[in-house]
Amino acid sequence: MTPQHPRTELDARYSAALNPRPGTEDVTATDWAEAERRLRAAEVFWITTVRPDGRLHVTPLIAAWHDGALHFSTGPGEQKAKNLAGNAHCVLTTGNASLSEGLDLVVEGTAERVTDPARQEEVIAAFEEQYGDHVVSPEGTFHGLGDSIRQGDDLLFAVAPGAAYAFGHDGRVFSHTRYTFS
C-alpha cells in the first residue's frame, strides 16, 4: 500500500468554530501528519465489524500503522474474522476517554488479508517497533504474534482509510477534522 495524502477539512458543525468562545478563534483542522503520528503511537484500538445478521460487533485489539494502513491480526475462528469474511467493511478507533484533552481518531475502510510473506514481515516489524516488549519479550502479552502470523494461526489484515476523522479536545476547545482519501 502506498501512503495517501488526504484532503483535510475542519468540520465547523462539530467544532468550537461553530460556537466561538474565548480561546476558540484559532481552531484549525488537525494535520494528517499529526493523525498518522498518533496512529503510530496508539496502543489500544477498537474495531467495529458487521455480523451476518447486521448487528455490530466491537472489540479492542492492537494495531500497527504501516505503509498507509492500519494492520491487525485475529484468529480465523474469532467473531471479527467471521464477520470480515462476509463483510470486509470495518471501523478502527483510538484515542482517550477524556473531554478535557486528547485526540480521538476514527479510520473507516475495508479490511484486506495480507498473505504475502515479505509484507507480513514488514508488518510484524511494525508491531515489534510499536509494542516493544509486549510483542518481543517472552513475558509479553502478545509474544509469539509474529510466529502466529507466519504459521497462519492468526490472519493478518490491512485497513487503508477510505475516510478518517480526528476529534480534538483541549479544555473547552473542540475540533472535528475530516480526511477524504481518493
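Quantities reported herein were computed from a predicted structural model and do not represent experimental measurements.

Q: Tell me about the pattern of salt bridges, and please be specific about residues and values.
A: Across all of its chains, the model carries 8 salt bridges by this definition. When the shortest N-O distance is used, the salt bridge between glutamate 9 and arginine 7 registers 3.2 Å. According to the relative accessible area criterion, arginine 7 is exposed, its value standing at 53%. Across the salt bridge formed by glutamate 34 and arginine 37, the nearest N and O atoms sit 2.8 Å from each other. Taken together, the residues glutamate 34 and arginine 37, both in helix 1 (residues 32-41) and 3 residues apart, mark about one turn of the helix. Owing to a relative accessible area of 24%, glutamate 34 belongs among the partly exposed residues under this scheme. The partly exposed category is assigned to arginine 37, whose relative accessible area is 43%. Several salt bridges share partner residues, and in doing so they unite Arg7, Glu9 and Arg178 into one network.

Q: Could you give an account of the environment of threonine 94, naming the residues involved and the relevant values?
A: You can see threonine 94 is positioned in strand 6 (residues 89-94). Between the alpha carbons of threonine 94 and glutamate 43 there is a distance of 8.3 Å; along the sequence they are 51 residues apart. Residues within four places of threonine 94 in sequence aside, it is in contact with Leu39, Ala42, Val44, Phe45, Leu103, Asp104 and Leu105.

Q: Lay out a nonpolar patch on the surface with the relevant residues and their values.
A: There is a patch of nonpolar side chains on the surface, built from Val44, Trp46, Leu56 and Val58 and spanning about 390 Å² of accessible area. Positionally, leucine 56 belongs in strand 3 (residues 56-61).

Q: With reference to specific residues and values, describe the side chain of histidine 57.
A: Position of histidine 57 among the secondary structure elements: in strand 3. In this view, histidine 57 contacts Ile47, Thr48, Thr49, Arg51, Gln79, Lys80 and Asn83; residues no more than four positions away in its chain are not counted.

Q: So what's going on with the side chain of histidine 71? Which residues, and what values?
A: Positionally, histidine 71 belongs in strand 5 (residues 69-74). Of the residues examined, histidine 71 reaches a relative accessible area of 0% and is grouped as buried. Not counting chain neighbours up to four residues away, the residues in contact with histidine 71 comprise Ile62, Ala63, Ala64, His66, Val114, Arg119, Val123, Phe127, Leu156, Phe157 and Ala158.

Q: Describe the pairing of strand 7 (residues 101-113), naming the residues involved and giving the relevant values.
A: Pairing between strand 6 and strand 7: 6 bridges, direction antiparallel. Opposite threonine 93, over in strand 7, you have valine 106 as the bridge partner. Taking the residues that link successive antiparallel strands as the turn, the strand 6-strand 7 hairpin has 6 residues, and the phi of glycine 95 there is positive, at about 155°. Of the strand pairs in this sheet, strand 7 and strand 8 (residues 155-170) are connected by 13 bridges, and their pairing is antiparallel.

Q: Describe helix 1, naming the residues involved and giving the relevant values.
A: For an α-helix, the turn length of 3.6 residues means that residues three or four places apart are oriented alike. For helix 1, the set of buried residues is Trp32, Ala35, Glu36 and Leu39. End-on view of helix 1: buried residues confined to an arc of 100°, all on one side of the axis. With a side-chain oxygen positioned 3.0 Å from the backbone nitrogen of alanine 33, the residue opening helix 1 is aspartate 31.

Q: Please provide a residue-by-residue account of the packing of aromatic side chains, values included.
A: Scanning the model with the defined rule gives 5 aromatic pairs in all. Where phenylalanine 127 meets tyrosine 131, the ring centres are 6.1 Å apart and the plane angle is 25°; that geometry is what we call stacked. Placement of both phenylalanine 127 and tyrosine 131 in helix 3 (residues 117-131) is noted, with a separation of 4 residues, approximately one turn of the helix. In this structure, phenylalanine 127 and tyrosine 131 share a single accessibility class: buried. Each member of the aromatic cluster is reached from another via a ring pair, and the members are Trp32, Trp65, Tyr179 and Phe181.

Parameters at a glance
Residues numbered from 1 in each chain as written. Predicted model: local features only at pLDDT ≥ 70, side-chain atom pairs only at ≥ 80, totals over all residues. Heavy atoms only, no water. Salt bridge = Lys/Arg side-chain N within 4 Å of Asp/Glu carboxyl O. Buried < 20%, exposed > 50% of the residue type's maximum accessible area, 1.4 Å probe, protein only. Helix = DSSP H or I, 4+ residues; strand = E, 2+ residues; numbered from the N terminus. Contact = heavy atoms within 4.5 Å. Patch = residues over 30% accessible without salt bridge, like charges linked within 9 Å, V, L, I, M, F, W, Y side chains within 5 Å. Areas by Shrake-Rupley, 256 points an atom, 1.4 Å probe, with all protein chains shown as cover. Pairing = 2+ DSSP bridges. Arc of directions from axis to C-beta. Polar contact = N/O pair within 3.5 Å; in protein donor to acceptor, adjacent residues only side chain to side chain. Phe/Tyr/Trp six-rings, centres within 6.5 Å; stacked < 30°, edge-to-face > 60°.

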